[in-house]
Amino acid sequence: MPELPEVETVRKGLNQLVAGATITSVDVFWNRMITPPFSSERFQEELIGEQIHTIERRGKYLIFLLDNWAMISHLRMEGKFTVTKTGEPYQKHTHVVFHLADNRDLRYLDVRKFGRFSLVPIDKKEKYAPIENLGPEPTPIQFTLDNFHDKLSRTGRSIKAVILDQHVVAGVGNIYADESLFQAKINPMKPANQLNEGETKRLRDAIIDVIANAVEAGGTTIRTYKNTLGEAGKFQVKLNVYGKTNQACPRCGTPIEKTKVAQRGTHYCPHCQGSIDLYEKKEPKG
DNA sequence: ATACTTTCCTGGGCGC
DNA sequence: TGCGCCCAGGAAAGTA
């Protein structure tokens, strides 16, 4: 499931492979993948003849800078890009194909069809609301302690729900949320406005650190994630809690537990991070 | 305003 | 073996 580190790795691969290429035509095999206001027909028409200058990233969004358009792509759960020679048989789950002038295809594959493409006029690319409203990138300069503390103080939601909120900090998904909370030794159920100063700082530092290390490792491959070059990530060997249910905590040996917080599978060490029972269950048990 | 629920999707895993 | 059921989950729309 691509989070910031995986999307960043995909971005680098795309820049290596298709920066400078020109789109000659586009096939869309699943219309819902193209978000309003543009129909998939309009999407296909507008991209003809557009050159891909560079690919940027903001949070989990990829931004293809073209001549007249910014094409914005979100991979959601399972989206991936491949670059192949035109004419090669389509792999299963190929939903959008950008034919390039140099006899190659940039192809978008997505088992679950959750990914989305949007088109924004290039001079309005800063006005695209989903990106405009994102929180800061999780870097030391942009993701300030003051801002984070302010956001946490305003809500009693679980801290895990808050760091998954892209308006608070951009790019953190389920894997890196669990890993960051473990590194900072904070219970995922703890209400955000109950974190003290030390915890807030530890968590902010942990998010920055975990994301940076994962970017360096080329992301995490749990199930199917591959970058544009077809390579798996390497961060999965550094995971401490995600997917480690019943395995020994690397710090204290206590078995890692899995529960549900904010409707997401959540892995944590009940010794290092404290028992979930310390906090009132707000979620309906079903 | 906040906070929670539903929707979108398919493949994999499980019970019977 | 095969059918039905449930789960995984990011973001946006919907509801109270």
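Before reading further, recall that the structure is shown in the block above.
Here goes a summary of the coordinates provided. Please read these numbers as outputs of a predicted model, since none were measured by experiment.

What counts as what
- Residues numbered from 1 in each chain as written.
- Chains lettered and ligands numbered in written order.
- Predicted model: local features only at pLDDT ≥ 70, side-chain atom pairs only at ≥ 80, totals over all residues.
- Heavy atoms only, no water.
- Near = heavy atom within 4 Å.
- Polar contact = N/O pair within 3.5 Å; in protein donor to acceptor, adjacent residues only side chain to side chain.
- Helix = DSSP H or I, 4+ residues; strand = E, 2+ residues; numbered from the N terminus.
- Nonpolar A, V, L, I, M, F, W, Y, C, P; charged D, E, K, R; others polar.
- Disulfide = S-S within 2.5 Å.
- Buried < 20%, exposed > 50% of the residue type's maximum accessible area, 1.4 Å probe, protein only.
- Axes fitted to C-alpha atoms, helices over the stretch in contact; angles between N-to-C directions.
- Left-handed = near helix turned anticlockwise from the far one by under 90°.
- Contact = heavy atoms within 4.5 Å.
- 1 Å grid on protein atoms, 1.4 Å probe; cavity = no way out; pocket = protein on both sides within 12 Å on 5 of 7 lines; lining within 4 Å.
- Points joined across faces, edges and corners; volume = space filled by probe spheres on them.
- Domains from an automatic or database assignment.
- Pairing = 2+ DSSP bridges.
- Parallel < 35°, antiparallel > 145°, perpendicular 65-115°, else oblique.
- Phe/Tyr/Trp six-rings, centres within 6.5 Å; stacked < 30°, edge-to-face > 60°.
- Lys NZ or Arg CZ within 6 Å of the ring centre and 35° of its normal.

**Some thoughts on the protein's contact with DNA strand C**
Part 1 of the argument: The environment of DNA strand C is formed by 16 residues, the closest being His74, Arg76, Arg112, Lys260 and Arg264.
Part 2 of the argument: If you look at DNA strand C and keep only atoms within 4 Å of the protein, 59% of those are sugar or phosphate atoms.
Part 3 of the argument: Between a base nitrogen of DNA strand C and a side-chain N or O atom of Arg76, the distance comes to 2.5 Å.
Part 4 of the argument: With respect to DNA strand C, the side chain of Lys260 contributes an N or O atom lying 2.9 Å from a phosphate oxygen.
Part 5 of the argument: Elements represented by at least two residues in the surface near DNA strand C include exactly strand E9 (257-261) and strand E10 (264-268).
Part 6 of the argument: Class assignment for the residues of the surface near DNA strand C results in six nonpolar, four polar and six charged.

**Details of the state of the cysteines**
Part 1 of the argument: Summed over the entire model, instances satisfying the criterion amount to zero disulfides.
Part 2 of the argument: Of the cysteine sulfurs around Cys252, a residue in no disulfide, the closest is that of Cys269, at 3.7 Å.
Part 3 of the argument: Overall, the relative accessible area of 31% leaves Cys252 in the partly exposed class.

**Brief notes about the packing of helix H1 (residues 4-18) against helix H7 (residues 197-216)**
Each pair of packed helices can be described by the angle between their axes along with the distance between the axes.
Part 1 of the argument: Packing of H1 against H7 brings their axes to within 8 Å, and their N-to-C directions diverge by 35 degrees. Once H1 is placed against H7, the crossing between them reads as right-handed. On H7, the residues touching Leu4, Pro5, Glu8, Thr9 and Lys12 of H1 are Ile211, Ala214 and Val215.
Part 2 of the argument: Among the residues forming the contact of H1 with H7, the class breakdown is five nonpolar, one polar and two charged.

**Regarding the layout of surface pockets**
Part 1 of the argument: Taken as a whole, the largest pocket spans an internal volume of roughly 680 Å³.
Part 2 of the argument: Forming the walls of the largest pocket are 23 residues, and the residues nearest its centre are Lys60, Leu164, Gln166, Gly173 and Arg264.
Part 3 of the argument: When its residues are assigned to classes, the lining of the largest pocket shows ten nonpolar, seven polar and six charged.
Part 4 of the argument: For the lining of the largest pocket, the domains that each give at least three residues are domain 1 (4-132) and domain 2 (145-278).

**Brief notes about the sheet that holds strand E2 (residues 54-58)**
Part 1 of the argument: Taken in spatial order, the four strands of this open sheet run E2-E3-E4-E8, and their pairing is antiparallel. Of all strands in the sheet, those bounded by a partner on one side alone are E2 and strand E8 (116-121). With strand direction ignored, the average angle separating the axes of adjacent strands in the sheet is 25 degrees.
Part 2 of the argument: Bridge analysis of strand E4 (residues 69-74) against E8 gives six bridges, and the strand direction is antiparallel. Looking across to E8, one finds that Ser73 is bridged to Phe117.
Part 3 of the argument: Against the sheet, H1 makes contact with E2 and strand E3 (61-65), and its axis sits at roughly 170 degrees relative to E2, the strand it touches most.

**Quick notes on the packing of helix H6 (residues 174-184) against H7**
Part 1 of the argument: Following both chains from N to C, one finds H6 and H7 inclined at 130 degrees, their axes separated by 8 Å at the closest point. In terms of orientation, H6 and H7 fall into the oblique class. At the point where H6 passes H7, the crossing takes the right-handed sense. Together, Tyr176, Glu179, Ser180, Leu181, Gln183 and Ala184 of H6 and Arg202, Leu203, Ala206, Ile207, Asp209, Val210, Ile211 and Ala214 of H7 make up the contact between the two elements.

**Section: the packing of aromatic side chains**
Part 1 of the argument: Within this structure, the stated rule accounts for eleven aromatic pairs.
Part 2 of the argument: Taking 5.3 Å as the distance between ring centres and 85 degrees as the angle between the ring planes, the aromatic pair formed by Phe38 and Trp69 counts as edge-to-face. In this pair, Phe38 is assigned in the loop between strand E1 (23-28) and helix H2 (40-47) and Trp69 in strand E4, connecting sequence segments 31 residues apart. Residue Phe38 shares its accessibility class with Trp69, and that shared class is buried.
Part 3 of the argument: The interplanar angle of 80 degrees and the centroid separation of 6.2 Å between the aromatic rings of Phe81 and Phe117 together place this pair among those described as edge-to-face. One end of the pair, Phe81, is in strand E5 (residues 80-85); the other, Phe117, is in strand E8, with 36 residues separating them in the sequence. Of the two residues examined, Phe81 and Phe117, each falls in the buried class.
Part 4 of the argument: Here the aromatic cluster, defined as three or more aromatic residues joined through ring pairs, consists of Phe43, Phe64, Phe81, Phe98, Tyr108 and Phe117.
Part 5 of the argument: The side chain of Lys113 reaches across the aromatic face of Trp30, ending 3.4 Å from its centre.
Part 6 of the argument: Taking the ring centre of Phe182 as reference, the NZ or CZ of Arg251 above it sits at 3.9 Å.

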